[in-house]
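Listed here are the chains, written in short residue letters.
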Amino acid sequence: MDVDRNRVLAYRIAAHGLHRDTADLPVLDLGIQDAGAASPRVAMAARLSVGADLDDPSLTTVWTFRGAPHVIRRADVATMAAGLWPRSDADAIARLSGVGVVFKRAGIPGLTAFTAGAEAMRAVVDREKTRGEVSTEVTARLPAEYSYDCRTCQATHVYGSLFQLVGLAAGVGVHGQSRPTTLSPLPGRHRVPKQSAGAGPLISAYLRLHGPAGKAEAAAFLETTRSEAAAMWPDGLVEVTVDGRTAHLPEDSVAALRDAPDPRLVRLLPPFDPLLQSRDRDLLVPDARRRKQLWRPIGNPGAVLADGEIVGVWRTKATARKVTVTVTAFERLTKAVTAEIEAEAEHVARARGVGAAVVDFA
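Residues numbered from 1 in each chain as written. Predicted model: local features only at pLDDT ≥ 70, side-chain atom pairs only at ≥ 80, totals over all residues. Heavy atoms only, no water.

Enquirer: Help me out: how do you make sense of the pattern of salt bridges in this one?
Expert: Under the definition given, this model contains 18 salt bridges. A salt bridge links Arg289 to Asp287; its shortest N-O distance comes to 3.3 Å. By relative accessible area, Arg289 is classed as exposed at 64%. Overlapping salt bridges, with partners in common, bring together Arg20, Arg267 and Glu344 in one network. (Salt bridge = Lys/Arg side-chain N within 4 Å of Asp/Glu carboxyl O. Buried < 20%, exposed > 50% of the residue type's maximum accessible area, 1.4 Å probe, protein only.)

Enquirer: Explanation requested: the sheet that holds strand S5 (residues 129–130) in the structure shown.
Expert: Each strand in a sheet pairs with its neighbour through backbone hydrogen bonds, running either in the same direction (parallel) or in the opposite one (antiparallel). Read from one edge to the other, the open sheet built from three strands follows the order S5-S9-S8, with strand pairing classed as antiparallel. The open sheet terminates on both sides in strands that have one partner only, identified here as S5 and strand S8 (172–175). Alignment of S5 against strand S9 (residues 182–185), held across two bridges, turns out to be antiparallel. Across the sheet, residue Thr130 finds its bridge partner in S9, namely Thr182. (Pairing = 2+ DSSP bridges. Helix = DSSP H or I, 4+ residues; strand = E, 2+ residues; numbered from the N terminus.)

Enquirer: How should I be thinking about the sheet that holds strand S1 (residues 2–3) in this particular structure?
Expert: Ordered by their spatial adjacency, three strands build an open sheet running S1-S10-S11, and the pairing between neighbours is mixed. A strand with exactly one partner marks an edge of an open sheet, and here the two such strands are S1 and strand S11 (245–250). As paired elements, S1 and strand S10 (residues 237–242) share two bridges and run parallel to each other. Directly across from Asp2, in S10, lies its bridge partner Thr241. Those strands touched by helix H9 (residues 200–210) are S10 and S11, and its axis lies near 110° from that of S11. (Contact = heavy atoms within 4.5 Å. Axes fitted to C-alpha atoms, helices over the stretch in contact; angles between N-to-C directions.)

Enquirer: Would you take a moment to explain the pairing of strand S13 (residues 302–306) for this structure?
Expert: For a regular strand, side-chain orientation follows a simple rule: the groups alternate between the two sheet faces. In terms of burial, S13 is largely enclosed, as five of its five residues are buried. Both S13 and strand S14 (residues 309–318) contribute to a ladder of five bridges, which runs antiparallel. Counted as the bridge partner of Val304 is Gly312 from S14. The turn linking S13 back onto S14 is made up of two residues, and Asp307 within it adopts a positive phi angle of 55°.

Enquirer: I'm lost on the packing of aromatic side chains in this one. Help?
Expert: Any aromatic ring pair is given by two values, namely how distant the centres are and how the planes are angled relative to each other. With the rule as written, the count across this model stands at seven aromatic pairs. Here Phe103 and Tyr159 contribute two aromatic rings whose centre-to-centre distance is 6.0 Å and whose plane-to-plane angle is 70°, an arrangement assigned as edge-to-face. Taken as a pair, Phe103 in helix H5 (residues 98–105) and Tyr159 in the loop between strand S7 (155–158) and helix H8 (160–165) lie far apart in primary sequence, 56 residues in all. Here Phe103 falls in the buried class, since its relative accessible area comes to 0%. An aromatic cluster of at least three residues, connected via ring pairs, comprises Phe103, Tyr146, Tyr148 and Tyr159. (Phe/Tyr/Trp six-rings, centres within 6.5 Å; stacked < 30°, edge-to-face > 60°.)

Enquirer: Please clarify how the nonpolar core should be interpreted in this entry.
Expert: Across soluble globular proteins, nonpolar side chains have a tendency to be buried as a group. Counting 32 residues, the largest nonpolar core has Leu30 and Phe65 as the members making the most contacts within it. Secondary structure elements with two or more residues in this core: helix H2 (39–45), strand S3 (59–63), strand S4 (69–73), helix H3 (77–84), H9 and helix H10 (215–222). Those residues within four positions of Leu30 in sequence are excluded, and the remaining contacts are Phe65, His70, Met80, Leu202, Ala205, Tyr206, Leu209, His210 and Phe221. Membership of the second largest hydrophobic core comes to 31 residues, among which are Val99, Val134, Phe163 and Val166. (Core = buried A, V, L, I, M, F, W, Y, C linked by side-chain atoms within 4.5 Å.)

Enquirer: Sorry if this is basic, but what is going on with the pairing of S3 here?
Expert: Counting buried residues along S3, five of its five residues qualify, which places the element largely inside the surrounding structure. Along S3, one buried face is formed by Leu59, Thr61 and Trp63 and the opposite face, lined by Thr60 and Val62, is buried too. In this structure, S3 lies alongside S4, joined through five bridges in antiparallel fashion. Bridging from a neighbouring strand, Leu59 pairs with Arg73 of S4. Between the antiparallel neighbours S3 and S4 lie five residues, among them Arg66 with a positive phi of about 60°.

Structure follows, in structure tokens:
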């Protein structure tokens, strides 16, 4: 199957539920990253005609992909923990990123580090505690090689990447992205995995939401190596050529790719929205200057999606009574698009629990 970029974007927008034509949230297969400022609620509001409630007991927030907090289905916690558990020492070291080199130099196998960290966190988080309390207690339980001296607070801490990467395996829930973040044991939590169940189903979910895509993109999403992703590569995929590049898609998604509806819609996507999590950013936003505005080293803005393209970025300032949405467009917007942006800003306000929205166009 040979498709172009426009067809891929139309498919992804539909796969992410952005047409508001379903009561389901398919993006929960991988979770919705919590970037603060009620971003998961805003992401849900972009997909559901009726506002979603994060107090829904079927949802929970845990540290998952790349150690970032994600809202996922509570029923998926144990399965995701087993799937994200590294399959090998090399996989574990890769996921630890720069800290992995520290463990490697110390002669600590990657899986040993993950297991020790997860067991320590599971033992420490026996009730709700602040992140600082948990960090202090986990640090005390682990060998010195697992921690570093922090100049900022003049204390010794367990490495942050390990700390957050093992939270899911330890069965720990995360509460509040504003300070202080607290951690608590999840109800009926699972045991720390003994071995990986394989990330194949998670790779399939990535390809279903962000495909057609290749091994390099799936590996980047998992923060592992391409060879490790290849070893976990799922069955049931078909090869698709996207503007000359070889990619893959689950076989049961081919019809949806072929028949994807025209994405004539406007949405305000929050920072780290699921649609923005694809690792082929050059396909989503071809212009390098615009990519730099959208994906920043720190403090990402939201994205304005209009008729299948990212056409600008947005930021907010909130008071108790209103949210001010400031839109910076990449190019001049039509009156129809600006009117729809103003309507979408009301969804943002409701998602954040504020009564009104004001839109400024920079």
